[in-house]
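For reference, the chains in residue letters:
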Amino acid sequence: MFMEFLRNNKIAAGLLTILRVYLGWSWMTAGWGKVTGDFNAGGYLNGVVANEAVMTQYPTYHAFIENFALPNAGVFSFMVAWGELLVGIGLILGVLTTAAAFFGIMMNFAFMFAGTISSNPWMILLTVFILAAGYNAGRIGGDRWVMPYIKATVFKGKFAKIAGQGA
């Protein structure tokens, strides 16, 4: 019953829009500061490698940070800064909302695995509602026009064929 409300109700779409814009603003402002500033994730990554809790609780993640992310800190700096900015813009505009929410929640989990708590648990909790709502989270936004266009052009009737309506 709650999922039906979350995924199909117009009132839920309005509430999700408020949630989406709040989260989007949080992501966008964090990303904008990094994109326009002199952001370098190297110091943060060194801190993750030195964190004993990460080393003992998440040894695979620790190895990934130490052996892959840290040597490529420049690439990770670019990906984090632009990822945060684009997730924020996507959520604010309601364009590719579920994709933006998915990548946002992935970044939140990555930050938490690295030992950073901050606002990440709160953002994860709110993002779960956006992901569970699916299309309804972007109904009051660009997804109203973008998603039908993508379905009609990119997938070219594959959904109709699956539903038994196509040739």
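Each chain has its residues counted from 1, running along the sequence as written. Local features in this predicted model are restricted to residues whose pLDDT is 70 or higher, and side-chain atom pairs enter the listing and the counts only when it is 80 or higher, whereas totals over whole chains, interfaces and linings include all residues. Hydrogens and waters are ignored; side-chain quantities use all the structure's heavy atoms.

(A) Region of interest: the environment of phenylalanine 111. Secondary structure is summarised from DSSP: a helix means a run of H or I of at least four residues, a strand means a run of E of at least two, and numbering begins at the N terminus for each. Secondary-structure assignment places phenylalanine 111 in helix α7 (residues 97–113). On a C-alpha basis, the gap between phenylalanine 111 and asparagine 72 in space is 17 Å, while along the polypeptide they are 39 residues apart. We call two residues in contact when some of their heavy atoms are within 4.5 Å. Contacts of phenylalanine 111, omitting those with residues within four sequence positions, involve Trp27, Tyr44, Val80, Glu84, Thr116 and Asn120.

(B) Representation of the layout of surface pockets. In this structure, the largest pocket spans a volume of roughly 790 Å³. Space inside and on the surface of the protein is sampled on a 1 Å grid over the protein atoms alone, with a cavity defined as a set of points where a 1.4 Å probe fits but cannot get out and a pocket as an open set with protein on both sides within 12 Å along at least 5 of 7 lines; lining residues have an atom within 4 Å of a point. Lining the largest pocket are 37 residues, and of these Trp27, Val80, Glu84, Met107 and Phe111 lie nearest its centre. Within the residue set of the lining of the largest pocket, elements represented by two or more residues are α2 (10–36), α3 (42–50), α5 (59–69), α6 (73–93), α7 and α8 (120–133). At nine residues, the largest contribution of residues to the lining of the largest pocket is made by α7. Residue classes follow a fixed rule: Ala, Val, Leu, Ile, Met, Phe, Trp, Tyr, Cys and Pro count as nonpolar, while Asp, Glu, Lys and Arg count as charged, and any other residue, Gly among them, counts as polar. Residue classes in the lining of the largest pocket are distributed as 27 nonpolar, eight polar and two charged. Grid points are joined across faces, edges and corners, and a volume is the space filled by probe spheres set on the points.

(C) Broad picture of the packing of α3 against α5. Axes here mean lines fitted to C-alpha atoms, for a helix over just the part in contact, with angles spanning 0 to 180 degrees between N-to-C directions. At their nearest, the axes of α3 and α5 sit 9 Å apart, and the two run at 140° to each other. Judged by the inter-axis angle, α3 sits oblique to α5. The crossing of α3 and α5 is left-handed. Contact with α3, carried on its side by Leu45, Val48 and Val49, involves His62, Ile65, Glu66 and Ala69 of α5 and no other residues of that element. Along the lines of polarity and charge, the residues of the contact of α3 with α5 split into five nonpolar, one polar and one charged. Our angle categories are set so that under 35 degrees counts as roughly parallel, over 145 as roughly antiparallel, 65 to 115 as roughly perpendicular, and the remainder as oblique. With the far helix as reference, a near helix turned anticlockwise by less than a right angle produces a left-handed crossing, and one turned clockwise produces a right-handed crossing.

(D) How the structure looks around the environment of threonine 60. Structurally, threonine 60 can be placed in helix α5. A relative accessible area of 65% means that threonine 60 is categorised as exposed. Separated by 69 residues in the primary sequence, threonine 60 and phenylalanine 129 place their C-alpha atoms 29 Å from one another. Between buried and exposed lies partly exposed: a residue is buried under 20% and exposed over 50% of the maximum accessible area for its type, with that area taken using a 1.4 Å probe on protein chains only.

(E) Spatial organisation of the packing of α2 against α8. The interhelical angle for the contact between α2 and α8, taken along N-to-C directions, is 135°, at an axis separation of 10 Å. When the interaxial angle is binned, α2 and α8 end up oblique. The crossing of α2 and α8 is left-handed. Here Leu16, Leu19, Arg20, Tyr22, Leu23, Ser26 and Trp27 of α2 come into contact with α8, specifically with Trp122, Met123, Leu126, Thr127, Phe129, Ile130 and Ala133. A per-class count over the contact of α2 with α8 returns eleven nonpolar, two polar and one charged.

(F) Representation of the pattern of salt bridges in the model. Salt bridge criterion: a side-chain nitrogen from Lys or Arg within 4 Å of a carboxyl oxygen from Asp or Glu. Counted by the stated rule, this structure contains one salt bridge. Where glutamate 84 meets lysine 34, a salt bridge forms, and the shortest distance between an N and an O atom there is 3.0 Å. Of this pair, glutamate 84 sits in helix α6 while lysine 34 is found in helix α2, placing the two residues 50 residues apart along the sequence.

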